[in-house]
Amino acid sequence: MLTKHLVILPLLIPMLAALLQLLPWGENPQRYRRAIGMTSCSLLIVVAIALIQQSNAGPLVYALGSWEAPYGIVLVADGLSSLMVLLTSILALPVLWYACYGEDNLGSHFQALFQFQLLGILGAFLTGDLFNLFVFFEILLISSYALLMHGGGKQKLRACLHYVLLNLTGSAIFLISLGVLYGITGTLNMADLAVKIAALTGDDASIARAGGLLLLIVFALKAALLPLYFWLPQAYAMTTGTVAALFAIMTKVGIYAIIRVFTLMFGDDSGAAALLGYDWLWWLGLGTLAIGGIGVMGSRDLRLVISYLVVISVGTMLTTFSMNTERSITAVMYYMLHSTLITAALFLIVDVVAKQRGKTASRIVKGRKMAQHATLGIMFFVAAIAIIGMPPFSGFIGKLFILEAARTGAQVALLWPLVLGSTFLVMVSLSRAGSRMFWHTFEGKPGDVTNPPSQLVAIGLLLAAIVALTLFANSISGFIEGIAYDVMHPSTYIEAVLGGSQPYE
């Protein structure tokens, strides 16, 4: 019975957890809210693993209200969406664990907002139609507005204002694009859209392409693709470490949406609308990669450096995706796993460093030794090596996959120099930061501010996940290759949604 409803559980668990956390819990409510949140995140991992196993046999389709596609709302768990659910769940548990040791007390209802954020993210991965993708986008955005302001402050308010205004604009464009596509096809179910867009010709196909390009603008904004990236560095650098670590998955929602929509609805078999926007993604991805490298070198605060590392990862993934091969999508998905977990770990490490350094905080300047100096130095060193892409960690394997995906002369001539060049800039920047913050410190007594050991354990779990990605790289890449094949050949997805949906009973 539970297996039958497996697809909807990743949505029900955080939603119910958030509603429970909003209830009054007596004189010490935070203790109960933390317990509910940790239980929710632990259950999500179990459900995500089960979802991965079940979706191996083919996409799981869940029709709500007994209304089958394309008329009703459907949730779809195929290999790609199940993998993203698992990644989100693995990220959420250590990040929430870290927050439970004091940071969630900085603002009201943090725990509930965290769960609502997960609801929006997981819903975006599992939905089978564009309108509900918009709905889940709005859920995660509304939650992110409040989380971004967690703890208060003028700088956070300014960064949040830019973030809110840009995303409100994106939401308006999203609705316009949905209207265009619905007007020309009469449906918003993604599988049904794939069938109907492929059959369009002439002016109808041109209108569908216009709607698709509007969608690309919206997803590019969510992913922080050039020229719509400028909201990200300040927003991520100004918020708390916990929120920034959770936000490591936020840009991946935009990248997932691009992969899902533009392989399914505008892929090789989409007739006159085939390969819409792929050329744009190539050039804009390369530009994002270059801008990210410049931002890393020009930043004088370690939080800002890591924020630009997110920009670099976005450029790297979307440039690679635009090559439109199974090999390139395999590389994107492996690199996505790596970049999400390691940037989250770095945001938490910098949060601890900033608290223990006192007035110098996360600025890349000489400061006093920290109370847990050696432990933090080792963690930073491991994380830096991993994100730079040096062996033996998963960053090296991910970048190797990306470089191998470039097959033509033009791809090699443009992608290789930018990937390797940005890697060199990241290495220089992180080496400079590590040297000044951990090596060249003031003489004298270290600071007396310490963080609870459990917070360091939470960071260790994220680093351990990176080690696991390295140790099991062969098995993981083999599994992802199967997902990449299904993404590039969406007929199985379409047939499952339109012909094999199981209505809710």
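Located above this text is the structure these notes cover.
Worth saying up front: this structure is predicted, and the values here are computed from it rather than measured.

Draft legend 1. Spatial organisation of the state of the cysteines. With the rule as written, the count across this model stands at zero disulfides. Among the cysteines around Cys 41, which has no disulfide bond, Cys 100 carries the closest sulfur, lying 8.4 Å off. The class of Cys 100 is buried, set by a relative accessible area of 10%.

Draft legend 2. Structural context of the side chain of Thr 470. Secondary-structure assignment places Thr 470 in helix 18 (residues 453-471). Among all residues touching Thr 470, those that are not within four sequence positions of it are Tyr 334, Pro 392, Phe 393, Ser 394 and Ile 397.

Draft legend 3. Structural view of the packing of helix 6 (residues 154-185) against helix 9 (residues 231-238). In the contact formed by helix 6 and helix 9, the axes pass within 9 Å of each other and the chain directions differ by 140°. One way to sum up the angle between helix 6 and helix 9 is to call them oblique. In the crossing of helix 6 with helix 9, the sense of the turn from one axis to the other is left-handed. Along the contact surface, helix 6 presents Gln 155, Lys 156, Ala 159, Tyr 163 and Leu 166, while helix 9 presents Trp 231, Gln 234, Ala 235 and Met 238. Counted by class, the contact of helix 6 with helix 9 contains six nonpolar, two polar and one charged residues.

Draft legend 4. Structural context of the packing of aromatic side chains. Applying the stated rule across the entire model yields 18 aromatic pairs. Each ring, one from Phe 137 and one from Phe 174, has its centre 5.7 Å from the other, and the planes form 65°; the classification is edge-to-face. Placement of Phe 137 in helix 5 (residues 130-148) and of Phe 174 in helix 6 is noted, with a sequence separation of 37 residues between them. Here Phe 137 and Phe 219 contribute two aromatic rings whose centre-to-centre distance is 6.2 Å and whose plane-to-plane angle is 85°, an arrangement assigned as edge-to-face. Taken together, the residues span a long stretch of sequence, with Phe 137 in helix 5 and Phe 219 in helix 8 (residues 202-223) at a distance of 82 residues.

Draft legend 5. Here's a closer look at empty space enclosed by the protein. Tallying each qualifying case throughout the model produces two cavities of 30 Å³ or more. Quantified by volume, the largest cavity comes out at close to 120 Å³. Along its surface, the largest cavity is lined by 15 residues, and Leu 309, Ile 312, Tyr 335, Ile 387 and Lys 399 are the ones closest to its centre. Ranked by residues supplied to the lining of the largest cavity, first place goes to helix 14 (residues 326-357) with five residues. Of the residues in the lining of the largest cavity, the class split is seven nonpolar, seven polar and one charged. Empty space within the second largest cavity amounts to approximately 100 Å³. Every residue along the wall of the second largest cavity is listed here: Phe 137, Leu 140, Leu 141, Tyr 163, Asn 167, Lys 222, Trp 231, Met 250, Thr 251 and Val 253. Elements with a minimum of two residues in the lining of the second largest cavity: helix 5, helix 6 and helix 11 (250-264). Across the lining of the second largest cavity, the residue classes tally to seven nonpolar, two polar and one charged.

Draft legend 6. Summary view of the environment of Thr 39. Summarising the element assignment, Thr 39 is placed in helix 2 (residues 29-55). For the pair Thr 39 and Leu 93, spaced 54 residues apart in the sequence, the C-alpha separation amounts to 9.2 Å.

Draft legend 7. The arrangement of the packing of helix 14 against helix 15 (residues 373-388) in detail. Packing of helix 14 against helix 15 leaves a shortest axis separation of 10 Å and a crossing angle of 150°. One element, helix 14, and the other, helix 15, form an angle in the roughly antiparallel class. Two packed elements cross with a definite hand, and for helix 14 against helix 15 that hand is left-handed. In this structure, helix 14 contributes His 338, Ile 342, Thr 343, Leu 346, Ile 349, Val 352, Val 353 and Gln 356 to the contact, and helix 15 contributes Leu 376, Met 379, Phe 380, Ala 383, Ala 386 and Ile 387. Per-class residue counts for the contact of helix 14 with helix 15 are eleven nonpolar, three polar and no charged.

Draft legend 8. Representation of a nonpolar patch on the surface in the model. Together, Met 15, Leu 16, Leu 19 and Leu 22 make up an exposed nonpolar region whose accessible area comes to about 330 Å². For Leu 19, the location among the structural elements is in helix 1 (residues 9-21).

Draft legend 9. Fine view of the pattern of salt bridges. The full count for this structure, using the stated rule, is five salt bridges. As a salt-bridge pair, Asp 78 and Arg 260 come within 2.6 Å of each other at their nearest N and O atoms. With a gap of 182 residues between them, Asp 78 in the loop between strand 2 (74-77) and helix 3 (79-99) and Arg 260 in helix 11 connect regions that are remote in the sequence. Across the pair, Arg 260 and Asp 78 agree in class, each one buried. Residues participating in the shared-partner salt-bridge network are Arg 303, Asp 351 and Lys 355.

Rules and cut-offs
- Residues numbered from 1 in each chain as written.
- Predicted model: local features only at pLDDT ≥ 70, side-chain atom pairs only at ≥ 80, totals over all residues.
- Heavy atoms only, no water.
- Disulfide = S-S within 2.5 Å.
- Buried < 20%, exposed > 50% of the residue type's maximum accessible area, 1.4 Å probe, protein only.
- Helix = DSSP H or I, 4+ residues; strand = E, 2+ residues; numbered from the N terminus.
- Contact = heavy atoms within 4.5 Å.
- Axes fitted to C-alpha atoms, helices over the stretch in contact; angles between N-to-C directions.
- Parallel < 35°, antiparallel > 145°, perpendicular 65-115°, else oblique.
- Left-handed = near helix turned anticlockwise from the far one by under 90°.
- Nonpolar A, V, L, I, M, F, W, Y, C, P; charged D, E, K, R; others polar.
- Phe/Tyr/Trp six-rings, centres within 6.5 Å; stacked < 30°, edge-to-face > 60°.
- 1 Å grid on protein atoms, 1.4 Å probe; cavity = no way out; pocket = protein on both sides within 12 Å on 5 of 7 lines; lining within 4 Å.
- Points joined across faces, edges and corners; volume = space filled by probe spheres on them.
- Patch = residues over 30% accessible without salt bridge, like charges linked within 9 Å, V, L, I, M, F, W, Y side chains within 5 Å.
- Areas by Shrake-Rupley, 256 points an atom, 1.4 Å probe, with all protein chains shown as cover.
- Salt bridge = Lys/Arg side-chain N within 4 Å of Asp/Glu carboxyl O.

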